[in-house]
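Results of the structural survey
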Amino acid sequence: MSAAAAARQILTRLHEVMASRLHAQGKLDQVVDIIAECLDSEVCSIYLLREGMLELFATHGLNAEAVHVTRMAVGEGLVGTLAENVETLNLAEAKAHPDFQYRPETGEEKFHSFAGVPIVYRERAVGALCVQHVDPRRYEDIEIEALQTTAMVLSELITNNELIDEEEARGLVPVDTGPATITGLQLVKGLASGTAVYHQPRITIDQVMAEDIEVERQRVYRAFDRMRDQIDNLADRAEFGVGGEHEEVLATYKMFAYDEGWSRRINEAIDAGLTAEAAIERVQQRTRMRMREIDDPLLQDRMHDLEDLSNRLLRIVSGQLGTAATQGLRGDAILIAKNLGPAELLEYDRRRLKGVILEEGSLTAHVVIVARAMGVPVLGRVRGLRGVVQEGDFVLLDADNGNAVARPAQQVIEAFDTRFAKSRERQAIYAELRAVEPFTRCGTRIEVMMNAGLRDDISSLALVGADGIGLFRTEFQFLVSATLPQRERQFRLYRDVLDAAGDKPVVFRTVDIGGDKALPYLRETEFEHDENPAMGWRALRVALEREGLLKAQARALLEAAAGRSLYVMFPMVSEPWEFDAAKAVFDGQLAYLRRRKKLLPEAIRYGAMLEVPALAEVLDLFLPRVSFLSIGTNDLTQFLFAADRANPKLAERYDWLSPAILRFLRRISQATVGSGVDLGVCGEMGGRRLEALALLGLGFRRLSITPVSVGPIKELVRQVDLRELEKAMQGWLATPPPDMRAAMTEWAVGHGIDLD
Ligand code: PEP
Ligand code: MG
């Protein structure tokens, strides 16, 4: 008999037991009888976790008195060992195994051979299914396969309370109960408490036993087809480009996706009577167990690929395709994910999203900028996150200190609440600063503006008391749309922003798409083969070639600003002519509107982002063309250090306070003196206290920062004496201290400047 036939025989009979009116223990007793009979086994026993111990719940062949009496700890005896390691044991002589423990009440001394498989739920053992024989013999693969398939079905039945009662089932679910502290990198400051929600929720398998094997087979065929299409399409996507490491990764993916062995094993599991979902899960479980036995890091990595594909297949077959954003998000969500794109994050309802914890992430990745704009704290670079934090865990997120506690103890919650309250008090102080103009101690007015990009951001302007919007990232509208926003839609947004801003200035930056801001609807056709998107076809480079895009935006902006002042800023200007070309598009639209006697903006001021180092070398040529210049430190520093801003491995490597960056910024600041060009900084650097202090010391008088930082930075400004600071900065740049950050912190503390 094949393994599938043996398993099918067991499953068919299990079906009958499940349909019977027996009580839970009665069903379990029947189940062990059936398995023993079908596998021609002298003993069949089921152990389940109760209060952390593996307890004999039912047996065929051992002493009945041992049921609910024999108990062993996880890791103790053969059953405890296989549960702890989530592994299969197949022993001709059980007593010869070093972990064997004799339990006299079971009467098992006469049985020599032993085979046991874990009953797995959410990758951990909740019990064990074991068979024993008098004769010393190893079990055939067919028998082990049949046992494993049966164990999987038992796991579903047990955890769905169909074989044991509800209270027992609750005790079974192997939740980590103890608190666990995880550490990572502060990406967006803030505190939050709430419930862990996986960005990609776990897939629930409602039905394990197939009603109609042929139907299940067809479902899995179709799912394979779709999955293979998706993998083939991945090759065309912008982020993969041509050549290099990505191709290898893709090749491995493809190899797995088309692996005949994988699909055959799934089909065999269906033959055994499982549904398509259960069959995929069964094969995934088996692979996991096998991989665990092989201690090879390279193979472990490949295992991730296979898991990923397996999950993809499972999502397709079960139709559970969405992310947590589209599945009724709870009101206190702490989002758990490997990584996210900015558009994915924007799908979440910001009122329900309290915090984000990522396995990857870096300070200037756009997803982090979006989170900052949303006012959502983010902890990143947390290793093994999804192994520690389970869905539904209560989590205290302290991004300020770069850590989080899952399942915290009561005292920890109380201490956290106290800090939370303090931080709210602090927010209240910032709120009081709303109407206060930020003058330094020496009497210089610093402009503290805010960055924005979404309609909802507009309300922050009055709330935080910023001097205006120094960077309005118009591409956010493009990111949240399913299709390219037409001119009319752009016009409405810009007009509403200007209405809300009243007489405060708003600097509209023309679209900066590309890089890590990929648009799904432009992706495949337009951004193909951009191997290095951050340095590739993005921002103004796209806009100048797709002139229609820039023309539409120019017209929308000019019309929206009719009768008022318009500030237009071009991103990623690398050479002066690019600025001229972009401005010419605006001039063309202006002339068009003038011919049609439309109301025009009262004044138009054009400026540029300085984020490509090359531009800094030609400021003598460039400054006469612009009325303002804003330094995008996010991109500028990634180009200065040749360090991808979105690469998590480089997230902690370079410091904004490095002499190289500070000296570079000082050169720009000095070059603009007396030029009549307004200079500011709009990168994330300006929103952090110590970095902002450095910028003030370098001569910058305008910062455009994330709204939540406006209060703290205004407070900082009021504590600074620029004369002292500039002098100190001169010293630091002339002879850089070994640790600039430490030196500046010490100086600030010594001068009574609060950096918290
Ligand atoms: C920058 O690069 O610093 C910047 C402000 O622009 P963005 O982060 O949108 O690229
Ligand atoms: Mg930029």
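Residues numbered from 1 in each chain as written. Chains lettered and ligands numbered in written order. Predicted model: local features only at pLDDT ≥ 70, side-chain atom pairs only at ≥ 80, totals over all residues. Heavy atoms only, no water.

Points about the site of ligand 1
Arg473, Arg509, Gly632, Asn634 and Arg645 are the nearest of the 17 residues found near ligand 1. Within the backbone of glycine 632, an N or O atom sits 3.4 Å from an oxygen atom of ligand 1. One of the side-chain nitrogen or oxygen atoms of arginine 645 is found 2.8 Å away from an oxygen atom of ligand 1. For ligand 1, the accessible surface in isolation is 290 Å², of which the surrounding protein chains cover 100%. Only helix H12 (366-374), strand E16 (469-473) and helix H24 (633-640) provide two or more residues apiece to the shell around ligand 1. It is H24 that provides the largest number of residues to the shell around ligand 1, a total of 3 residues. For the shell around ligand 1, the class distribution of residues is 4 nonpolar, 5 polar and 8 charged. (Near = heavy atom within 4 Å. Polar contact = N/O pair within 3.5 Å; in protein donor to acceptor, adjacent residues only side chain to side chain. Areas by Shrake-Rupley, 256 points an atom, 1.4 Å probe, with all protein chains shown as cover. Helix = DSSP H or I, 4+ residues; strand = E, 2+ residues; numbered from the N terminus. Nonpolar A, V, L, I, M, F, W, Y, C, P; charged D, E, K, R; others polar.)

Quick look at the coordination of the magnesium ion (ligand 2)
Only Glu611 (OE) and Asp635 (OD) from the protein reach the magnesium ion (ligand 2) as donors, at distances of 2.1 Å. Of this pair, glutamate 611 sits in the loop between strand E19 (603-610) and helix H22 (613-616) while aspartate 635 sits in helix H24, placing them 24 residues apart in sequence. Of the two residues, glutamate 611 and aspartate 635, both sit in the buried class. (Donors = N, O, S within 2.8 Å, 3.2 Å for Na, K, Ca; no water. Buried < 20%, exposed > 50% of the residue type's maximum accessible area, 1.4 Å probe, protein only.)

Here we look at the confidence of the model for the protein chain
Confidence in the prediction of the protein chain, expressed as mean pLDDT, is 88, and 93% of residues score 70 or more. Within the model, pLDDT remains below 50 along residues 237-245, and this stretch shows 18 contacts once partners closer than five positions in the same chain are excluded. (pLDDT = per-residue confidence, 0-100. Contact = heavy atoms within 4.5 Å.)

So, the packing of helix H17 (residues 487-501) against helix H20 (residues 547-560)
Where H17 meets H20, the axes come as close as 8 Å, and the angle between the chain directions of the two elements is 35°. For H17 against H20, the interelement crossing comes out right-handed. Contact with H17, carried on its side by Arg487, Gln490, Phe491, Tyr494, Arg495 and Leu498, involves Ala552, Gln553, Arg555, Ala556, Leu557, Glu559 and Ala560 of H20 and no other residues of that element. Here the contact of H17 with H20 is built from residues that sort into 7 nonpolar, 2 polar and 4 charged. (Axes fitted to C-alpha atoms, helices over the stretch in contact; angles between N-to-C directions. Left-handed = near helix turned anticlockwise from the far one by under 90°.)

Observations concerning the pairing of strand E6 (residues 124-133)
Counting buried positions over the 10 residues of E6 gives 9, a clear majority of the element. Where strand E1 (residues 43-50) lies against E6, 6 bridges are found, and the strand directions are antiparallel. Within the sheet, the bridge partner assigned to leucine 48 lies in E6 and is glycine 127. Summarising the sheet, strand E5 (residues 113-121) and E6 pair through 9 bridges and their orientation is antiparallel. Residue pairing across strands places glycine 116 opposite cysteine 130, the latter belonging to E6. Between E5 and E6, which pair antiparallel one after the other, the connecting turn spans 2 residues, and arginine 122 there sits at a positive phi close to 50°. (Pairing = 2+ DSSP bridges.)

Considering the packing of aromatic side chains
Evaluated as defined, the whole model comprises 12 aromatic pairs. On the numbers, 5.6 Å between centres and 75° between planes, the contact of phenylalanine 570 with phenylalanine 579 is edge-to-face. Both residues of the pair, phenylalanine 570 and phenylalanine 579, count as buried. Ring centres of phenylalanine 570 and phenylalanine 586 lie 5.7 Å apart, and the angle between their planes is 70°; on these two criteria the pair is classed as edge-to-face. Of this pair, phenylalanine 570 sits in strand E18 (residues 565-570) while phenylalanine 586 sits in helix H21 (residues 576-595), placing them 16 residues apart in sequence. For the pair phenylalanine 570 and phenylalanine 586, one class covers both residues: buried. (Phe/Tyr/Trp six-rings, centres within 6.5 Å; stacked < 30°, edge-to-face > 60°.)

Description of the state of the cysteines
What the rule picks out here adds up to 0 disulfides. Not part of a disulfide, cysteine 38 finds its nearest cysteine sulfur in cysteine 44, a span of 10 Å. Cysteine cysteine 130 shares no disulfide, and the gap to the nearest cysteine sulfur, in cysteine 44, comes to 8.0 Å. (Disulfide = S-S within 2.5 Å.)

Observations concerning the sheet that holds E5
Spatially, E3-E2-E1-E6-E5-E4 is the arrangement adopted by the 6 strands of the open sheet, whose pairing is antiparallel. Strands at the two margins of the open sheet, each flanked by one partner only, are strand E3 (71-73) and strand E4 (89-91). Each adjacent strand pair in this sheet contributes to an overall mean axis angle of 20°, direction not counted. Helix H2 (residues 24-38) contacts E1, strand E2 (53-60) and E6 of the sheet and is inclined by roughly 65° relative to E2. Strands in contact with helix H3 (residues 77-85) are E1, E2, E3, E4, E5 and E6; relative to E5, the strand with the most contacts, it is inclined by about 40°.

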